[in-house]
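Next come the chains, spelled out residue by residue.
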Amino acid sequence: MNGEFRMKFLVIGLGSMGKRRVRNLIALGHKDNVVGIDPRSDRTDEAKEYGIEVFNNFEEAVEQHKPDAFMISTPPNLHMQYAYFAQKNNISCFIEASVVDADKILELSRIIEGKNIVMAPSCTMKFYPGPIKIKELINNGSIGKVLNYNYHTGQYLPDWHPWEGIQDFYVSNPDTGGAREIVPFELTWLNDIFGDAKPLACVRRKLTDIPADIDDIYHCLLEYPQNVIGNLTVEVISRPKAVREFRVMGSKGEIVFSGDSNSVKYINTNMQEWEEFSFEEGVIQSGYINPEEPYINEVREFVNAATLAHNGEKSNYPNTLEDDHKILKNLYTLEDISEGRNDLSR
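Residues numbered from 1 in each chain as written. Predicted model: local features only at pLDDT ≥ 70, side-chain atom pairs only at ≥ 80, totals over all residues. Heavy atoms only, no water.

J.: Help me understand the sheet that holds strand β3 (residues 53-55), please; the structure alone is not making it clear to me.
T.: Two pairing modes exist for strands in a sheet, parallel and antiparallel, and in both the strands are linked by backbone hydrogen bonds. One open sheet accounts for 6 strands, arranged β3-β2-β1-β4-β5-β6; its pairing is parallel. Of all strands in the sheet, those bounded by a partner on one side alone are β3 and β6 (119-121). Ignoring strand direction, the axes of neighbouring strands in this sheet form an average angle of 20°. In the packing of helix α3 (residues 58-65) onto the sheet, contacts are made with β1 (9-12), β2 (34-37), β3 and β4 (69-72), and the angle to β1 comes to roughly 170°. (Pairing = 2+ DSSP bridges. Helix = DSSP H or I, 4+ residues; strand = E, 2+ residues; numbered from the N terminus. Axes fitted to C-alpha atoms, helices over the stretch in contact; angles between N-to-C directions. Contact = heavy atoms within 4.5 Å.)

J.: Please explain the environment of His 152 as it appears in this structure.
T.: Position of His 152 among the secondary structure elements: in strand β7 (residues 146-154). Put simply, His 152 and Gly 15 are 137 residues apart on the chain and 27 Å apart in space, counted from C-alpha to C-alpha. Discounting residues that sit within four places of it in the chain, His 152 has contacts with Thr 233, Glu 235, Ser 238, Val 243, Arg 244 and Glu 245. Of note is the side chain of His 152, whose polar atom sits 2.8 Å from the side chain of Glu 235. (Polar contact = N/O pair within 3.5 Å; in protein donor to acceptor, adjacent residues only side chain to side chain.)

J.: Is there a simple way to explain the sheet that holds strand β12 (residues 253-258) in this structure?
T.: Ordered in space as β8-β9-β10-β7-β11-β12-β13-β14, the 8 strands form an open sheet in which the pairing is mixed. Both outer strands of the open sheet, β8 (198-205) and β14 (275-278), are each paired with one neighbouring strand and no more. Across the sheet, the axes of successive neighbouring strands diverge by a mean angle of 10°, strand direction being ignored. Pairing of β7 with strand β10 (residues 228-235), which is carried by 7 bridges, proceeds in the parallel orientation. Bridging across to β10, Thr 153 finds its partner in Val 234. In the packing of helix α6 (residues 129-139) onto the sheet, contacts are made with β7, β11 (243-250), β12, β13 (263-268) and β14, and the angle to β12 comes to roughly 170°. This element, helix α9 (residues 321-338), spans β8 and β9 (217-224) of the sheet and lies at about 60° to β8.

Keep in mind that these numbers describe shape and distance, not what the molecule does.
Here it is in structure tokens:
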């Protein structure tokens, strides 16, 4: 191919996350090569504000734009529909966090072997400064041998999209419910730091009157290599503010990550006081609670990986379909345990 390769992107789904991905691509200098598609005209109208071309019909968007890469920002139950279309047409994909179709994800990883495309499951938390610093401190032995972590994360579900009722998007569906989706979202970065998890126990319940037939809290107990224990609580109950509080104990110290202070601090037996690392708030778009920068950096890594794949080189994206499959199997096993069964054949 002559000249510089300029990747063309199709953002599939223009809801909250799809519009964020449009902004990410624009921030990376790809505005002229981005189009979007959503069957809802209200969403395409909103996306037009970013100065991109939009479609309501998927086939028309593909035919006219001929994308090199999909940004799949649909509800999770539609991810594989578009990913399988992409692999058949040699199109690379960035796929938002999944919670269903584990077997299809694993099969897709086998199908694309040898192809010059990359399928990149989202791993946004790996790009947040807090988890990056935690991983660095643990790998440096700053607290000795890791023994245990306790992690609590949550945000009141109706506050996710305050401009619409939760019945109008996928978090009210039992298969793709808000708390259920966030368990693998968080395990993606936790397991990256601590290793492959073995689920030990799980309690999940609906504790609130949120108008959806979903569990709104998951308490999960996990075992990691080298006898590390993890205690993970994910909920969609906390109000009026979101919560993200993490503490890891080691043989010689502790690490604390707080969403409220947006900082990581640690102390060990050679120190008199905590050493704290505070992070900048970043750019927070109106209507959102999380900064743009981690999402931009994640998309940058995908674009780099897809470009390498296009040139016949190995992808360097820090999450794979196989990784995603393992995480989803963790979720399914936790749920089986919560129901008094442990069927790994799902």
